[in-house]
Amino acid sequence: MSLLVVGSMAFDALETPFGKTDKIIGGAATYAALSASYFVNPVNVVSVVGGDFDQEHIQLMHKRGVNTDGVQVKENEKSFFWSGRYFNDMNSRETLVTELNVLANFDPVVPASYQGCEFLMLGNLAPQVQRTVIERLEQRPKLIIMDTMNFWMDIALEELKQTIALVDVLSINDEEARQLSSDYALAKAAKKIMAMGPKYLIIKKGEHGALLFHKDKVFFAPALPLEEVFDPTGAGDTFAGGFAGYLASTNNISFESMKRAVIHGSALASFCVEKFGTERIINLSQEEIQQRVQQFVNLVAFDTELA
Ligand code: AMP
């Protein structure tokens, strides 16, 4: 099944308690496409970069089966730049800088070869651009998954709500769910958010795992207790890309399949945080991924029978 990933491609400068990076490659589409590429090929990307973007990294994405025909290069402009600093718990962070640059006037073009895609992953990006991509698809995909962040809730809430109304699955973190719903209790927040349109809602809770809501059902996936967490940047996008890629590979969008997709997305995200930027997810083996998935299964499997 074909997957289209839309989102930012970026330079990120990061600060964690373990160190600092200069501008490294990041962006929602970068992480999501790399992650999805372990499940489905090709992964078609729609995004925009400036003339300063690292072509070598694009080559690495090609090696993973990522198709960048839909990535516009604005030679005389600068790529999107984001800078963030993590607090000691590595679960919360503050944004230091967001320079939209090429994203400010991004008019997404969907190449003819991308038409007919069955799965659409709308990665973090201006909500009106996410909506434009839906409108530019001649046929509605079988499943539309969307990720976003507090930045857009702060500056473009109405546009964000219009896009949310069009998607099937929304993936956000706990803080964002609370902001969007104005409710503290996540179960209540989930009901309110699903009433805005999405039939499924994923609430990510960083090192405390993720919740998948659908109607009155809820599924919980833990995060793996890792010995080393270097950089959580991109974990949410990697999760969403793995989730979308897994569903596209199985072509099964039942709730049971979504549970498995949440576990596969969590497994990919657990790799992402082990190194800075995309370093850890650029070259994984299928064996490593399967072993990680098994670790998740072992983490929560128990016998209900009393001895
Ligand atoms: P995550 O850690 O999964 O929330 O994603 C971090 C990635 O999102 C970084 O690589 C950033 O480049 C990208 N990013 C940060 N802010 C935005 C934004 N406002 N729009 C699009 N992408 C963003």
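Residues numbered from 1 in each chain as written. Predicted model: local features only at pLDDT ≥ 70, side-chain atom pairs only at ≥ 80, totals over all residues. Heavy atoms only, no water.

Enquirer: Outline the overall build of the protein, listing residues and values.
Expert: Of regular secondary structure, the protein possesses 10 helices and 14 strands. Each principal axis of the C-alpha atoms in the protein carries an extent, and together these give about 70 × 40 × 35 Å. Taken over 307 residues, the protein has a buried fraction of 56%. When contacts within the protein are restricted to residue pairs at least 6 apart in sequence, long-range pairs at least 24 apart make up 66% of them. When the accessible surface of the protein is summed, it comes to about 13,500 Å², and 49% of that surface belongs to carbon and sulfur atoms. Taken as two groups, the 27 positive and 38 negative side-chain charges of the protein have centres that lie 6 Å from each other. (Helix = DSSP H or I, 4+ residues; strand = E, 2+ residues; numbered from the N terminus. Buried < 20%, exposed > 50% of the residue type's maximum accessible area, 1.4 Å probe, protein only. Contact = heavy atoms within 4.5 Å. Areas by Shrake-Rupley, 256 points an atom, 1.4 Å probe, with all protein chains shown as cover. Lys, Arg positive; Asp, Glu negative; His and termini not counted. Charge placed at Lys NZ, Arg CZ, Asp CG, Glu CD.)

Enquirer: Now, about helix α10 (residues 286-300): what can you tell me, with residues and values included?
Expert: Between its terminal C-alpha atoms α10 stretches 22 Å, which fits the 21 Å expected from 15 residues at 1.5 Å a residue. Among all positions in α10, only I289, R292, V293 and F296 are buried. Down the axis of α10, the smallest arc covering the buried residues is 100 degrees, so these residues share one side. In this structure, α10 carries E287, Q291 and N298 as exposed residues pointing more than 90 degrees from its buried face. Of the surrounding secondary structure, the elements contacted by the buried residues of α10 are α9 (255-272). (Expected span 1.5 Å × (residues − 1). Arc of directions from axis to C-beta.)

Enquirer: With reference to specific residues and values, describe unusual backbone geometry.
Expert: In the segment running from N41 into P42, the intervening peptide bond is cis, with an omega of -10 degrees. Its place among the elements puts P42 in the loop between α1 (28-36) and β5 (43-50). Backbone geometry places N101, a non-glycine residue, at a positive phi of 45 degrees. For N101, the location among the structural elements is in the loop between β8 (93-99) and β9 (119-122). Overall, the relative accessible area of 28% leaves N101 in the partly exposed class. Despite not being glycine, S182 shows a phi value in the positive range, around 55 degrees. If you trace the backbone, S182 turns up in the loop between α6 (174-181) and α7 (186-194). The class of S182 is exposed, set by a relative accessible area of 64%.

Enquirer: So what's going on with the site of the ligand? Residues and values would help.
Expert: With respect to spatial proximity, 19 residues lie near the ligand, and among them S8, D12, G27, G234 and D237 are the closest. Between the ligand and the protein, one listed contact pairs an oxygen atom with a side-chain N or O atom of D12 at 2.4 Å. Here an oxygen atom of the ligand and a side-chain polar atom of R93 are 2.8 Å apart. For the shell around the ligand, the elements supplying multiple residues, two or more each, are β2 (10-16), β7 (80-86), α4 (150-155) and α8 (235-250). Here the shell around the ligand gets 3 residues from one element, more than from any other, and that element is α8. Here the shell around the ligand is composed, by residue class, of 9 nonpolar, 7 polar and 3 charged. (Near = heavy atom within 4 Å. Polar contact = N/O pair within 3.5 Å; in protein donor to acceptor, adjacent residues only side chain to side chain. Nonpolar A, V, L, I, M, F, W, Y, C, P; charged D, E, K, R; others polar.)

Enquirer: Please set out the side chain of D183 residue by residue, giving values where relevant.
Expert: Here D183 lies in the loop between α6 and α7. A polar contact is formed between the side chain of D183 and the side chain of K192, at a distance of 3.0 Å. Every residue in contact with D183, bar those within four places of it in the chain, is listed here: R178, K188, A189 and K192.

Enquirer: Hey, could you go over the pattern of salt bridges for me, with residue numbers and the actual values?
Expert: Summed over the entire model, instances satisfying the criterion amount to 13 salt bridges. The salt bridge partner of K199 is D168, with a shortest N-O separation of 2.8 Å. In this pair, K199 sits in the loop between α7 and β12 (200-204) while D168 sits in the loop between α5 (157-164) and β11 (169-173), placing the two residues 31 residues apart along the sequence. (Salt bridge = Lys/Arg side-chain N within 4 Å of Asp/Glu carboxyl O.)

Enquirer: Describe the environment of G236, listing the residues and the values that go with them.
Expert: In this structure, G236 sits in helix α8. A relative accessible area of 23% means that G236 is categorised as partly exposed. In sequence terms G236 and N124 are 112 residues apart; their C-alpha atoms lie 9.7 Å from each other. Not counting residues within four places of it along the chain, the set of residues in contact with G236 comprises D147 and K204.

Enquirer: How would you explain the nonpolar core if you had to name every residue and give the values?
Expert: Formed by 61 residues in total, the largest nonpolar core has its most connected members in L3, M9 and F243. Ignoring sequence-local partners within four residues, the contact set of F243 consists of I145, V169, I202, M258, A261, V262 and G265. By size, the runner-up hydrophobic cluster in this structure holds 44 residues, among which are Y86, L122, A177 and L186. (Core = buried A, V, L, I, M, F, W, Y, C linked by side-chain atoms within 4.5 Å.)

Enquirer: Which residues make up the environment of M153, and what values do they have?
Expert: Of note, M153 is situated in helix α4. Taking C-alpha positions, M153 is 14 Å from A165, a pair spaced 12 residues apart along the chain. Contact partners of M153, with chain neighbours within four places excluded, come to T148, L160, I172, E176, Q179 and L180.

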